[in-house]
Every structure is written in C-alpha cells, then in structure tokens.
Amino acid sequence: MAQAIAQLLKMKEIELEIFSPIHEIRHPLLNEKGIDLYLKRDDLIHPIISGNKWRKLKYTLLKARDEKQDHLVTFGGAYSNHLLATAAAAAQFGFKATGIVRGEEVTNDHLFLCSLYGMNLLFVDRESYRDKPSLFTRYFSNDANAFFIDEGGSSPEGAQGCSELMDELMHNYNHIFCACGTGTTAAGIINGINNNYLETEFHAIPVFKNGSFIANEIDKYLLKPSVYQLHTDYHFGGYAKTTPQLIGFIQQFVATTGILIDPVYTGKMLYAIFDLAGKNYFKRGSKILAIHTGGTWGLLGMKDKFLPFADK
Ligand SMILES: *Cc1c(COP(=O)(O)O)cnc(C)c1O
C-alpha cells in the first residue's frame with residue numbers, strides 16, 4: 001500500500017503554490033518617525049515548511065526529480081527548520097528522506113514531526129557532522145537514488161527559488177530586510193532586486209556572532225556583484241541565543257500584531273528594524289519591507305526563554 005502511494009506520488013507534479021500576502025505593521029514608533037513598515041508573509045506559505053525553506057527547496061526538488069533521484073538526504077541540527085521542511089516536502093511530493101542530525105540522539109517537537117512525515121533520522125557526532133560530503137558517501141554511496149541537499153538548503157537552486165519573491169511585489173520599497181543563516185535567501189532576494197531593476201536597498205541581519213563572514217556566503221550566490229548592507233550587531237549573543245530585551249520585544253510584537261515571530265530569525269530581524277528606526281537610520285517617508293521567513297515552529301523549542309511560560 002505505502003509503495004503504491006509512493007509510486008503515485010512520484011508522478012505528482014512538484015507544484016509550489018505561493019500564498020504570501022503583504023501586511024502593514026503599525027506601531028507608534030513608526031508613526032513618530034514617518035516610516036511605513038510592511039511584512040511579506042512567507043510564513044503563510046505553509047504551516048510547517050518555513051517560508052524561505054519552501055522557496056529554497058523548489059528548484060532543488062525539481063533537479064532531484066529530473067535526475068530521477070527519489071531519496072533526499074540532508075543535514076541539520078535537532079531544531080533545524082530545514083530538516084522539517086525537507087521532511088514535509090518529501091512526504092508531499094513522493095520522495096524518501098533521510099535527515100542526518102548533528103549531535104547525540106534526542107527527541108523534540110521538530111524531530112517528532114520529521115519522523116511523522118516519514119523522514120529517517122540518523123544522529124552523528126559533531127566531529128563527523130562537519131564533513132557532510134564524506135557522511136553522504138559513507139552512508140549512501142550504494143544508493144544510486146540518493147540526492148545530496150546541503151545544510152539549510154544552501155545551493156544555487158535555493159537562491160534561484162528565493163529570487164522569485166521579488167517577482168511578487170506590486171510596489172516599490174526603499175529598504176528590504178531579511179534574516180540570514182546561510183545567506184542563500186539574502187542572495188536570492190538581491191538577485192531578484194537586480195532582475196527587476198529595482199533601486200531598493202537590501203539589508204541582511206546575520207543571526208550569528210561575528211556575522212561579517214556571511215558576506216562571502218551571500219556573494220557566492222550573487223549573479224552579479226551588488227552592494228547591500230550587513231548589520232552584524234543584532235545577533236543577541238549568537239545563534240539561537242536571546243536576551244530579555246529580545247524576548248520582551250517578541251512578546252510585545254506578537255501581542256500587538258497577532259503575527260508570530262521566532263527568537264532565532266525573524267525576531268532579531270524585526271528588532272533590528274525598530275532599533276534602527278529609533279536611531280533615525282531611515283529617512284522620513286521610507287517604505288520598508290521585512291521578509292517574514294517563517295520558522296515559527298522554532299518558538300516551541302524555546303518556550304523556556306519566555307518566563308513565566310517555562311515547562312520546567
Ligand atoms: C533558515 C531560516 C532563515 C535563514 O535562511 P538562509 O537562506 O539560510 O540565510 C531565516 N529565517 C528563517 C525563519 C529560517 O528558518
């Protein structure tokens with residue numbers, strides 16, 4: 001039965017419908033500074049497949065299908081939005097999936113959903129995790145159908161999918177902001193800005209400490225050299241680290257807009273915009289578009305930061 005279903009799904013077209021409206025965010029500070037802030041709701045593309053992960057997977061899945069490889073093999077930490085996105089997409093489009101997870105075996109909400117979507121999970125120690133191509137060879141050299149997808153979905157195909165975000169805009173914005181992990185989404189958006197001949201200034205918010213290295217990663221996927229702004233001071237201590245200010249900002253944002261944001265990516269990016277606005281970084285009359293890249297499941301892994309809602 002399961003095999004028959006898998007066979008049927010193999011013929012299923014990989015069709016990625018994009019529902020990502022733009023919503024205005026109102027706030028007294030924005031009023032005072034004469035700024036219009038809009039949020040591109042990529043988080044609404046899919047309840048589980050974090051918005052930019054969906055965009056990043058599109059051409060990757062099409063390539064796997066073209067090459068007749070039906071076993072997606074990818075990598076991530078135990079809270080990786082990319083693992084979860086790959087698991088959900090694999091189930092929807094008839095691929096087998098293996099997630100190679102960094103670190104000792106654990107269980108959490110993310111990995112529970114990955115397994116429910118039928119992803120096979122393989123835990124590897126941190127040392128071996130560093131060399132992904134050699135892990136792929138070690139475990140899957142005998143599997144002619146195995147298709148390598150890098151951590152975070154980072155690839156030229158990933159950037160290509162993200163560039164399509166820019167084709168959906170009906171208005172001009174002076175500034176576009178996006179949170180950066182691998183930098184693939186940022187590169188895609190910059191390519192999209194160039195493809196559409198826009199004057200928009202792009203701003204990347206790395207969510208890691210010492211984030212200036214991300215410029216190399218972004219530049220790797222740019223179709224032509226481009227100028228953009230990198231704001232490296234909004235990491236709040238490092239990847240997945242938070243501060244009481246950041247958590248307070250997120251609580252206030254969610255409670256006053258009804259839009260969930262997470263502490264790892266979109267919370268830091270939106271905090272940056274409000275902080276820069278407070279410092280008069282933007283000209284009056286500026287129109288800003290922030291990309292909500294999804295990732296709201298990340299909130300569930302971080303409940304303990306939101307005292308008094310901690311589990312323990
Ligand atoms: C993965 C992720 C990012 C980072 O995207 P990159 O293309 O790796 O830079 C940003 N926001 C969210 C919510 C994510 O899950």
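Note that this is a predicted model, so its numbers are computed, not measured.

### A look at the pattern of salt bridges
Move 1: Scanning the model with the defined rule gives 13 salt bridges in all.
Move 2: For Arg 102, the salt bridge goes to Glu 151, with nearest N and O atoms at 3.8 Å. Residue Arg 102 is found in strand E4 (residues 96–102), and its partner Glu 151 is found in the loop between strand E6 (146–148) and helix H8 (156–163); the two are separated by 49 residues along the sequence.
Move 3: Classification of Glu 151 as partly exposed rests on a relative accessible area of 28%.
Move 4: Between Glu 151 and Lys 132 there is a salt bridge, with the nearest N and O atoms lying 3.8 Å from each other.

### Observations concerning the domain arrangement of the chain
Move 1: For the chain, the assigned domains read domain 1 (20–48 + 155–310) and domain 2 (52–153).
Move 2: A C-alpha centroid distance of 25 Å is found between domain 1 and domain 2.
Move 3: Taken together, the contacts link 26 residues of domain 1 with 20 residues of domain 2.
Move 4: When the two sides are added together, the surface that domain 1 and domain 2 hide from each other amounts to roughly 1900 Å², 55% of it contributed by carbon and sulfur.
Move 5: At the boundary of domain 1 and domain 2, one finds four salt bridges.
Move 6: Measuring nitrogen to oxygen at the nearest pair gives 2.6 Å for the salt bridge that ties Arg 55 to Asp 42.
Move 7: Where domain 1 meets domain 2, there are seven residue pairs in polar contact (both at pLDDT 80 or more).

### Here we look at the packing of aromatic side chains
Move 1: This model, assessed by the stated rule, comprises 16 aromatic pairs.
Move 2: Ring geometry for Tyr 139 against Phe 140: centres 6.3 Å apart, planes inclined by 50°, an arrangement best described as tilted.
Move 3: Note that Lys 53 overlies the ring of Tyr 265, its terminal NZ or CZ placed 5.6 Å from the centroid.
Move 4: If you follow Arg 102 out to its NZ or CZ, it ends over the ring of Tyr 129, 5.4 Å from the centre.

### Some remarks on the site of the ligand
Move 1: Surrounding the ligand, one finds 16 residues, the nearest of these being Lys 53, Gly 181, Thr 182, Thr 185 and Thr 293.
Move 2: Separating an oxygen atom of the ligand from a side-chain N or O atom of Asn 81 is a distance of 2.8 Å.
Move 3: In this structure, Gly 183 approaches the ligand through a main-chain N or O atom, which is 2.8 Å from an oxygen atom.
Move 4: Compared with its free state, where it exposes 390 Å², the ligand has 98% of that area covered by protein.

### Let's talk about the sheet that holds E4
Move 1: With respect to topology, four strands assemble into an open sheet ordered E5-E4-E3-E6, the strand pairing being parallel. Each edge of the open sheet is held by one strand with a lone partner, namely strand E5 (120–124) and E6. Averaged over all adjacent pairs, the angle separating strand axes in this sheet is 25°, with direction ignored.
Move 2: When strand E3 (residues 71–76) meets E6, the two strands line up parallel, connected through three bridges. Paired with His 71 across the two strands is Ala 146, which belongs to E6.

The rules behind the values
Residues numbered from 1 in each chain as written. Predicted model: local features only at pLDDT ≥ 70, side-chain atom pairs only at ≥ 80, totals over all residues. Heavy atoms only, no water. Salt bridge = Lys/Arg side-chain N within 4 Å of Asp/Glu carboxyl O. Helix = DSSP H or I, 4+ residues; strand = E, 2+ residues; numbered from the N terminus. Buried < 20%, exposed > 50% of the residue type's maximum accessible area, 1.4 Å probe, protein only. Domains from an automatic or database assignment. Contact = heavy atoms within 4.5 Å. Buried area = accessible area lost by both parts, 1.4 Å probe. Polar contact = N/O pair within 3.5 Å; in protein donor to acceptor, adjacent residues only side chain to side chain. Phe/Tyr/Trp six-rings, centres within 6.5 Å; stacked < 30°, edge-to-face > 60°. Lys NZ or Arg CZ within 6 Å of the ring centre and 35° of its normal. Near = heavy atom within 4 Å. Areas by Shrake-Rupley, 256 points an atom, 1.4 Å probe, with all protein chains shown as cover. Pairing = 2+ DSSP bridges. Axes fitted to C-alpha atoms, helices over the stretch in contact; angles between N-to-C directions.

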